[in-house]
There are 2 protein chains.
Amino acid sequence: MFIEKLLREIKQKKSPCVVGLDPTLEMMPDKLKRKFLVKGDEKEIAQMFWQFNKEIIDYTAELTPCIKVQIAFYERFSLPGLEVFYKTLDYGKEKGLMTIADVKRGDIGSTAKAYAQGFLKNPSIDSITVNPYFGSDGLLPFVEETKGGEKGLFILVKTSNPSSKELQDLITEDGQFFYEKVADLVSSFEGDFSEFSHIGSVVGGTHKEHLKRLRKKLKGFILVPGYGAQGGKAEDIKYAFNTDGFGALVCSSRGITEYYKKIGEENYGLAAQISLKNMIADINREIEKGVE
Amino acid sequence: MFIEKLLREIKQKKSPCVVGLDPTLEMMPDKLKRKFLVKGDEKEIAQMFWQFNKEIIDYTAELTPCIKVQIAFYERFSLPGLEVFYKTLDYGKEKGLMTIADVKRGDIGSTAKAYAQGFLKNPSIDSITVNPYFGSDGLLPFVEETKGGEKGLFILVKTSNPSSKELQDLITEDGQFFYEKVADLVSSFEGDFSEFSHIGSVVGGTHKEHLKRLRKKLKGFILVPGYGAQGGKAEDIKYAFNTDGFGALVCSSRGITEYYKKIGEENYGLAAQISLKNMIADINREIEKGVE
């Protein structure tokens, strides 16, 4: 079951930190570019991404419960890119990691069903992110495909980008934020679980107050993007956790995978490992301090 | 340019009707199942979908300005499926059709940029659908990739599913529907065009009153799903058009591609053509009657 596995991994590795694998051309080390790029076509780029991801996973697998793979960066290079998306998830599984396919899909029921089956029937995918804009009949096919807890969902509630306030923070006529209405919708799918629901949410790490409100309201795990590169700080992000220190996954992508540039380290895998260790220490320190 | 091409095609074919290619196993005619399915694996299914799509396009290309290809139904069968998604768009282009990749992507800026480039740099894709939930910095990379009108966007405003009311029809503190706030956001990207903006919207054909409001507000084309199978009627959908009879694209998928089942016709391509002709007549009749 999704939650049981996740809690076991987090406890064993003493890490609620998720490695995001979002490769771009700009992210690639020169030595990989020299090795892979001759014509510079999609196939070569995809092979380079695969080599990069593989090494990042090898260096970080002992320290993370979970990888998050953002499909956009693979779709960018069409079929050869998408092949690496699936291969990366397979490899993560092979290394004993849990996986989040960050796909943010959302559509009307019949279409949502196709998305849900496409991703959640894949044995290498433990959970996916979804977009709530269509309302409950667009979310239900995803919920159904989690089969009562075998797999997990993370539904977008409050995103980490600056413009998220434009729509998500609109005040509704009864004085609530729009994103709270979305959280109500998430709640309605949570079911009855003694510990955590497998129906979780996404709440950006750049919003301390929102995290506080939502942690109280929601019974699933909160996936928190935005640590590091996007400006989310551990002292704010800790509010995504319950007082016992569980209930959230904190994700960093560029902060980990591009760390080699910051420290002038040729071994990008090792640099990622160092960065992830720093991140874990930072987050755990704040969790231990406790929340007000 | 996107709008010029689209208007030319609509006028020449006297058809604002879009064929949606959303293949499912249930949709497939028995003769194709017998021909293609031996092991029943993803590759065979994908080949069957390709054969099906190709024949539908051959029979309908003279009657539609545009095909809409919903990626979920291809992602469902991973890489072999996605190959057919791209091949279908290529084939549509080859037959002189315009294309909408119905992908409904949406994410934070850097990720949105990867999606935008992945789809809109593809010469076989004229336009895509996008999800507005992230706000303007999530939409901007898509707008930028349209290059001031070479390509088109359709931003979700009001969707055709019953539950769309749960979030999209929430009333904000100034008395507006939430979806109207989304429409304001769409407006902010429209730019200054004498006829139509290439930044369009998606508004379900099941909402006459919403269509009326939004047609007045928006300067782009409105893509209207929901005709037929989902219950949208021509007498309601006509409100998506301006008084001169232009400004909307009406889409039907199952209503066209599954019509062969309804009339007991083995030739599913011919059946699709008949259904599309009926749809065009139905829509044009209502447009000619004019709006109140």
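All values reported here derive from a predicted model rather than from experimental measurement.

### Notes on the overall build of chain A
Alright, step 1. Within chain A, the secondary structure is distributed over 14 helices and 8 strands.
Alright, step 2. Against the globule reference of 19 Å for 292 residues, chain A gives a C-alpha radius of gyration of 18 Å, in line with a compact fold.
Alright, step 3. In terms of its C-alpha atoms, chain A occupies a principal-axis envelope of roughly 60 × 45 × 35 Å.
Alright, step 4. Out of the 292 residues in chain A, the part that is buried amounts to 65%.
Alright, step 5. When contacts within chain A are restricted to residue pairs at least 6 apart in sequence, long-range pairs at least 24 apart make up 75% of them.
Alright, step 6. Accessible area of chain A: about 10800 Å², with a carbon and sulfur share of 49%.
Alright, step 7. Distance from the positive charge centre (41 side chains) to the negative charge centre (42 side chains) of chain A: 3 Å.

### Observations concerning unusual backbone geometry
Alright, step 1. Even without being glycine, Lys104(A) reaches a positive phi, approximately 45°.
Alright, step 2. Mapped onto the secondary structure, Lys104(A) falls in strand β3 (residues 98–105).
Alright, step 3. Looking at Lys104(A), the relative accessible area reads 8%, which means it is buried.
Alright, step 4. Located in the positive-phi region is Ser78(B), a residue other than glycine, with phi close to 35°.

### Some thoughts on the UniProt feature "domain: Orotidine 5'-phosphate decarboxylase" (unreviewed entry) in chain A
Alright, step 1. Mapped onto the present numbering, the UniProt feature "domain: Orotidine 5'-phosphate decarboxylase" (unreviewed entry) falls on residues 16–263 of chain A.
Alright, step 2. Within the segment residues 16–263 of chain A, helix and strand shares are 44% and 19% respectively, and the terminal C-alpha atoms sit 24 Å apart.

### Considering the sheet that holds strand β6 (residues 197–203) of chain A
All names here are of chain A.
Alright, step 1. If you trace the 8 strands once around the closed barrel, you get β1-β2-β3-β4-β5-β6-β7-β8, paired in parallel fashion. Ignoring strand direction, the axes of neighbouring strands in this sheet form an average angle of 30°.
Alright, step 2. For strand β4 (residues 127–130) and strand β5 (residues 152–158), the ladder comprises 4 bridges, and the chain directions are parallel. Paired with serine 127 across the two strands is glycine 152, which belongs to β5.
Alright, step 3. In this fold helix α14 (residues 268–289) packs onto β1 (17–21) and β8 (248–252), with an angle of close to 145° to the strand it touches most, β1.

### Things to note about the interface of chain A and chain B
The accessible area lost on association of the parts is a frequent measure of interface size.
Alright, step 1. In this assembly, 55 residues from chain A lie in contact with 54 residues from chain B.
Alright, step 2. Between chain A and chain B, the buried area comes to about 4700 Å², and carbon and sulfur atoms account for 60% of it.
Alright, step 3. On the chain A side of the interface with chain B, the three residues burying the most area are Arg76(A), Tyr133(A) and Leu167(A), jointly 17% of the side's total.
Alright, step 4. Put simply, chain A and chain B have 4 salt bridges between them.
Alright, step 5. Linking Arg105(A) and Glu75(B) is a salt bridge whose minimum nitrogen-to-oxygen distance equals 2.6 Å.
Alright, step 6. Linking chain A with chain B are 29 residue pairs in polar contact (both at pLDDT 80 or more).
Alright, step 7. Of all the elements in the fold, those that place two or more residues in the side of chain A that touches chain B are α4 (72–75), α5 (78–94), β3, α6 (109–120), α7 (136–145), β5, α8 (164–168) and α9 (178–188) of chain A.
Alright, step 8. In terms of residue class, the side of chain A that touches chain B is built from 23 nonpolar, 19 polar and 13 charged.

### Here we look at the UniProt feature "active site" (unreviewed entry) in chain A
Alright, step 1. Per the UniProt record, the feature "active site" (unreviewed entry) sits at Lys104(A).
Alright, step 2. A distance of 2.9 Å separates a polar atom in the side chain of Lys104(A) from a polar atom in the side chain of Asp102(A).

Parameters at a glance
Residues numbered from 1 in each chain as written. Chains lettered and ligands numbered in written order. Predicted model: local features only at pLDDT ≥ 70, side-chain atom pairs only at ≥ 80, totals over all residues. Heavy atoms only, no water. Helix = DSSP H or I, 4+ residues; strand = E, 2+ residues; numbered from the N terminus. Rg over C-alpha atoms; globule rule 2.2 N^0.38 Å. Buried < 20%, exposed > 50% of the residue type's maximum accessible area, 1.4 Å probe, protein only. Contact = heavy atoms within 4.5 Å. Areas by Shrake-Rupley, 256 points an atom, 1.4 Å probe, with all protein chains shown as cover. Lys, Arg positive; Asp, Glu negative; His and termini not counted. Charge placed at Lys NZ, Arg CZ, Asp CG, Glu CD. UniProt positions renumbered as here; feature names shortened; annotations may be inferred. Pairing = 2+ DSSP bridges. Axes fitted to C-alpha atoms, helices over the stretch in contact; angles between N-to-C directions. Buried area = accessible area lost by both parts, 1.4 Å probe. Salt bridge = Lys/Arg side-chain N within 4 Å of Asp/Glu carboxyl O. Polar contact = N/O pair within 3.5 Å; in protein donor to acceptor, adjacent residues only side chain to side chain. Nonpolar A, V, L, I, M, F, W, Y, C, P; charged D, E, K, R; others polar.

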